[in-house]
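# Structural overview
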Amino acid sequence: MPTAGSPDDLLAAALGARERTYSPYSGYAVGAALRDELGRIHAAPNVENAAYPQGQCAEASAIGVLIAAGGRRVTEALVVADPAAGLPSPCGGCRQRLREFMPLDASIHLAGPAGVIRTVTLGELLPLSFGPEFLLGRTSR
Ligand code: THU
């Protein structure tokens, strides 16, 4: 079941992280916030690099923060960026990164600084996906 409730706390955390973005090359500031299985929120911004491919999306950064804090699952996610550039949404690589830790029916909130614009599930963003249960033999995700 998608996690119910207001994503206001996720938005606040993601906006705080976005304030600390290191994105001098693209100028595109992103914040991501993830709720873990204990209800804790982990947030991070995108981190770019002069060697462009070494840059890291906000979602990838936030997954690292969650894992470092001892989290193991993502129950709800939010990504915030400037909606004037188009509806903020996780890139393909980050959809797969989230797939490792998040149920397909869990919610991902797509937000601008003023609030959530649209909420989708991971399964909607990543249909017919490949995930850890293919390799680990799990059945319920
Ligand atoms: N970016 C993210 O942080 N998350 C996404 O899902 C889309 C892209 C970042 C990467 C890069 O720092 C900047 O946005 C422009 O691509």
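The text that follows walks through the structure, step by step, so that each part is easy to find. (Residues numbered from 1 in each chain as written. Predicted model: local features only at pLDDT ≥ 70, side-chain atom pairs only at ≥ 80, totals over all residues. Heavy atoms only, no water.)

### Regarding the site of the ligand
As a structural note, the neighbourhood of the ligand is formed by Ser26, Tyr28, Val30, Asn46, Glu48, Cys57, Ala58, Glu59, Ser89, Pro90 and Cys91. With respect to the ligand, the side chain of Glu48 contributes an N or O atom lying 2.5 Å from an oxygen atom. Burial of the ligand by the surrounding chains reaches 75%, relative to a free accessible area of 370 Å². The residue inventory of the shell around the ligand, partitioned by class, reads 6 nonpolar, 3 polar and 2 charged. (Near = heavy atom within 4 Å. Polar contact = N/O pair within 3.5 Å; in protein donor to acceptor, adjacent residues only side chain to side chain. Areas by Shrake-Rupley, 256 points an atom, 1.4 Å probe, with all protein chains shown as cover. Nonpolar A, V, L, I, M, F, W, Y, C, P; charged D, E, K, R; others polar.)

### As for unusual backbone geometry
If a residue is not glycine, its phi is most likely negative; likewise, a peptide bond is most likely trans. In the Ramachandran plot, Leu128 falls in the positive-phi region, its phi being about 50° despite a non-glycine side chain. Secondary-structure assignment places Leu128 in the loop between helix H4 (122–125) and helix H5 (133–136). Taking relative accessible area as the criterion, Leu128 reaches 92% and is therefore assigned exposed. (Helix = DSSP H or I, 4+ residues; strand = E, 2+ residues; numbered from the N terminus. Buried < 20%, exposed > 50% of the residue type's maximum accessible area, 1.4 Å probe, protein only.)

### What to know about the pattern of salt bridges
Applying the stated criterion to the full structure yields 4 salt bridges. In this structure, Asp36 engages Arg40 in a salt bridge whose closest nitrogen and oxygen atoms are separated by 2.8 Å. Accessibility expressed as a relative area gives 1% for Asp36, which makes it buried. In this structure Arg40 comes out as partly exposed when scored by relative accessible area, which is 31%. What emerges from the salt-bridge pattern is a single network uniting Asp9, Arg35 and Glu76. (Salt bridge = Lys/Arg side-chain N within 4 Å of Asp/Glu carboxyl O.)

### Some details on the side chain of Ser61
Secondary-structure assignment places Ser61 in helix H2 (residues 58–68). Contacts of Ser61, omitting those with residues within four sequence positions, involve Ala44, Pro45, Val47 and Gln56. (Contact = heavy atoms within 4.5 Å.)

### Quick notes on the pairing of strand S5 (residues 115–121)
Note: strand S4 (residues 107–112) against S5, 6 bridges, orientation antiparallel. In the strand pairing of S5, Ala111 is matched with Val116. Hairpin connection from S4 to S5: 2 residues lie between these consecutive antiparallel strands. (Pairing = 2+ DSSP bridges.)

### What about the pairing of strand S1 (residues 31–36)?
A large share of S1 lies buried, amounting to 6 of its 6 residues. Judged by which residues are buried, S1 turns out to be covered on both faces: Gly31, Ala33 and Arg35 on one side and Ala32, Leu34 and Asp36 on the other are all buried. Where S1 lies against strand S2 (residues 41–45), 5 bridges are found, and the strand directions are antiparallel. Residue Ala33 lies in a different strand from S2, and its bridge partner there is Ala43.

### Section: the sheet that holds S5
On the basis of which strands lie adjacent, the open sheet formed by 5 strands has the order S2-S1-S3-S4-S5 and mixed pairing. A single partner strand is all that each edge strand has here, and the edge strands are S2 and S5. Looking at each pair of strands side by side, their axes are set apart by 20° on average, direction ignored. As paired strands, strand S3 (residues 74–80) and S4 are joined by 5 bridges and run parallel to one another. Note that in S4 the partner of Glu76 across the bridge is Ser107. (Axes fitted to C-alpha atoms, helices over the stretch in contact; angles between N-to-C directions.)

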